[in-house]
Amino acid sequence: MIDSLLERKIEKRPDKVRFQGRILFLTEDPALIKRQLAGEDLPWDTKNHQNNPKLRDDISTDEITPAHYCFYFDQTLGEIPYLGLKCGGELPIGRRDVQRGGFVCAVSGKRRGKGSSREQSPYAEMSAGIQLVIAENIERIYQQNCQNLGLLTSTNFSLIDKVRSGEDIPLSEFTAGEDEITRQVIEYGGLFPFNVARLQKKVFLPPIKTSPRPMTLAEKIFSRHMIANANRETGVHARPSGPGSAEPAIGLPAVKPGDTGFASADLRFSHEYVTPMAAIFFEHYVGKDAKVNDPSTILFFRDHLTFLDEVISEEKKKLGLLDLATQLKLKQQEFAQKQGIRLHGELKDRKGSEGICHSIVLESYALPGQLNIGSDSHTPHVGAVGCVAFGIGTTDVFNSWITKDVRVRVPESVRIIVRGKRHPNVTAKDFILKILSLDYVRSGKALAKVMEYAGEAIQELSVDERATMTNMAAEIGGFTGIVAPDKKVVEFLMERRAMDRNQAEAMIDGLYSDPDAQYAEIIELDAAQITPMVATPGDPGNGKYVRELNTPVPVEIAYGGTCTAGKNEDMDMYAAVLADALKQGKRVAGSVQFYIQFGSQETRDYCIRKGYLDIFQKAGAHVIEPSCGACINAGPGVSTRPDQIVISAQNRNFPGRSGPGQMYLASPYTVAASAVAGYIVEYEPTAERELQPA
């Protein structure tokens, strides 16, 4: 494999670029978008921004490439960019509209590319002719995916005039302010050509020379994983293949934010949305008979689409999308078998999957102090046991199969301290919805930073509940989320992995932030001031207290599940609420369909042992085998009408993500209580009610 890459001809881009085509302004006004699609070039004043129409903020990857269209993994994606983009309550962009319009640049507002790590989004834009994306700020994974593919990005709105006039623009305009490695990735036109140049020793990898310093927990883990040997200019993290072969030296005395290099990954995983596209890239660019580097540390998952056939519309079936979804599954199976990679797939005896990727990784694989990478933005889920885990895109996945490492710019950390004692009906989900509502997060200041959770209220949380906090670092737009491992992690490893106490305690030794470590921001919250929360439809950052809802909000669908809310302790919560209801002679309201979906088979087995399935059934809930399901519009629990109101314990409520309805996010307690009441309501534990005066 390496020999063939060493002989490949690789050249840099020209040092000047010129864009010949139109600019598409993604405005809040759908009429303005339709006029552009019809051929009108929108005037734009780059010097007086107040004169311009309002641009759409918070454009998610779900809106750039709706989930169902991600079954394509070729240039057909060029027909569908922005099909899910909602502006003024409308979807103004149709299939092939962007391709037909001759657009080379797309412009939007704040937080472009938030949400899923799907590389299909920038790939669709590129395939439609977009060569440059301009926005006020850009989410980390989306931007890295753009860089990896060769799609240029900028936050400099003055470029609009230069694009329109067809001027030559120095490539340095797009590399200014970037670290040395990112600069070269852009210059070589993407991560794969850069990595080939890296193997050929044509690129410069600056040494990290940071002196010992107080470090955050995440910085300590990064320092242990950065490749640091004398041969590091090759960057190849290959294992010894015979006598005299040498391991690359891994680990540095210290790192600081901004240090850039390649980090060795302990575990690399991907699911069926990403694996096939990565496999095709690998076979095309590396070779059909080439072998991945160390398959024992790679995992594949079939977890997203196992229930798709139950909810996909007849219209989408006619487009062949269900058949395409089957092809994703078959391609992943074929590649796994050929490469000797463990695939956690579908169940043999009933419908469903073994489990959601990060749910299984937390239960069975991730260890304190590790560095794990996965093809899902919710990979930070496993930071609950004190490891650094982050989402990557397709090109990063397939490159990691070659090099066993990943490009890293050490991020700043934000320390979020939740002090005091929480109310009995308040959960980690309420904490994270509160954090998401803060101005610091909503303004984009937390983007690409590590979210380190601490404080008495966090320490009191179980590992399952901590996983809700670390998981939803993705919604913050953070690099990852992490909690320093403690005795609860030791107990988790003993219980879930049958690990010896001494072994588990040794594993967490030294995994804490130094007292003098530096943070970009320290946020302090009082748990006692937080009551049950919801995020109103449209964005997870639309948080408000349930008691602030002015009028009762009736719900038709309640959904408890996904990686965020399909864990053992989440099931404890659903069961507590429903058992309480049964004692009072109540069941799920007749107007509500309540779905409970396990995150893994291990959680299903836990529910059987605890007797929860009987409670769920008697209370009128529908129990579903593991899958991502409704969260990605691919399973029971999705809405079918725009006026339908859903309350869900999942992590995202971006427009169209889980059907056309209006979705509120809430904790497992609130979701279950609302399912029983028929409208959104706080859960009142029985013990608390009994204390109330008659």
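Anything mentioned here points back to the structure above.
In short, a report on the structure. (Residues numbered from 1 in each chain as written. Predicted model: local features only at pLDDT ≥ 70, side-chain atom pairs only at ≥ 80, totals over all residues. Heavy atoms only, no water.)

**Concerning the state of the cysteines**
- Inspection of the entire model under this criterion finds 0 disulfides.
- The closest cysteine sulfur to the non-disulfide-bonded Cys-628 is located on Cys-357, 6.1 Å from its own sulfur.
- The exposure class assigned to Cys-628 is buried, which follows from its relative accessible area of 9%.
- Left unpaired, Cys-631 is separated from the closest cysteine sulfur, that of Cys-563, by 6.5 Å. (Disulfide = S-S within 2.5 Å. Buried < 20%, exposed > 50% of the residue type's maximum accessible area, 1.4 Å probe, protein only.)

**Things to note about the packing of helix H5 (residues 120–127) against helix H6 (residues 140–149)**
- Running from amino to carboxyl end, H5 crosses H6 at an angle of 45°, the nearest separation of the two axes being 9 Å. As judged from the angle between their axes, H5 and H6 are oblique. Between H5 and H6 the crossing geometry is right-handed. Residues Pro-122, Tyr-123, Glu-125 and Met-126 of H5 touch H6, and the partners they reach there are Tyr-142, Asn-145, Cys-146 and Leu-149.
- Here the contact of H5 with H6 is built from residues that sort into 6 nonpolar, 1 polar and 1 charged. (Axes fitted to C-alpha atoms, helices over the stretch in contact; angles between N-to-C directions. Helix = DSSP H or I, 4+ residues; strand = E, 2+ residues; numbered from the N terminus. Parallel < 35°, antiparallel > 145°, perpendicular 65-115°, else oblique. Left-handed = near helix turned anticlockwise from the far one by under 90°. Contact = heavy atoms within 4.5 Å. Nonpolar A, V, L, I, M, F, W, Y, C, P; charged D, E, K, R; others polar.)

**Observations concerning the environment of Gly-477**
- Mapped onto the elements of the fold, Gly-477 is located in the loop between helix H21 (473–476) and strand E16 (480–483).
- For the pair Gly-477 and Asp-614, spaced 137 residues apart in sequence, the C-alpha to C-alpha distance is 39 Å.
- Setting aside chain neighbours within four positions, we find Gly-477 in contact with Arg-111, Glu-139, Ala-446, Leu-447 and Ala-448.

**As for the packing of helix H10 (residues 191–199) against helix H16 (residues 394–403)**
- The geometry of H10 relative to H16 is characterised by a closest axis approach of 10 Å and an angle of 20° between their N-to-C directions. With respect to H16, the axis of H10 lies roughly parallel. The element H10 and its partner H16 pack so that their crossing is right-handed. Of H16, the residues touching H10 (which contributes Leu-191, Phe-192, Asn-195 and Arg-198) are Thr-395, Asp-396, Phe-398, Asn-399, Ile-402 and Thr-403.
- Of the residues assigned to the contact of H10 with H16, the class counts are 4 nonpolar, 4 polar and 2 charged.

**With respect to helix H9 (residues 180–187)**
- With respect to burial, H9 is a largely interior element, 6 of its 8 residues being buried.
- Three or more residues of H9 are buried, namely Ile-181, Thr-182, Gln-184, Val-185, Ile-186 and Glu-187.
- Buried residues in H9 make contact with H6, strand E5 (152–154), helix H8 (172–175), H10, strand E7 (260–264) and strand E13 (405–409).
- The residue sitting at the N-terminus of H9 and contributing the capping side-chain oxygen is Asp-179; that oxygen lies 3.0 Å from the backbone nitrogen of Ile-181.
- Looking one or two residues beyond H9, the residue adopting positive phi is Gly-189, at roughly 85°. (Polar contact = N/O pair within 3.5 Å; in protein donor to acceptor, adjacent residues only side chain to side chain.)

**Focus: the layout of surface pockets**
- In this structure, the largest pocket encloses a volume near 910 Å³.
- As for the largest pocket, its lining consists of 39 residues, and the residues nearest its centre are Gln-143, Gln-147, Glu-178, Arg-409 and Ala-448.
- Per-class residue counts for the lining of the largest pocket are 14 nonpolar, 14 polar and 11 charged.
- What the second largest pocket holds in volume is close to 660 Å³.
- Around the second largest pocket, the lining comprises 23 residues; the ones closest to its centre are Lys-316, Asn-633, Gly-656, Gly-659 and Pro-660.
- For the lining of the second largest pocket, the class distribution of residues is 10 nonpolar, 8 polar and 5 charged. (1 Å grid on protein atoms, 1.4 Å probe; cavity = no way out; pocket = protein on both sides within 12 Å on 5 of 7 lines; lining within 4 Å. Points joined across faces, edges and corners; volume = space filled by probe spheres on them.)

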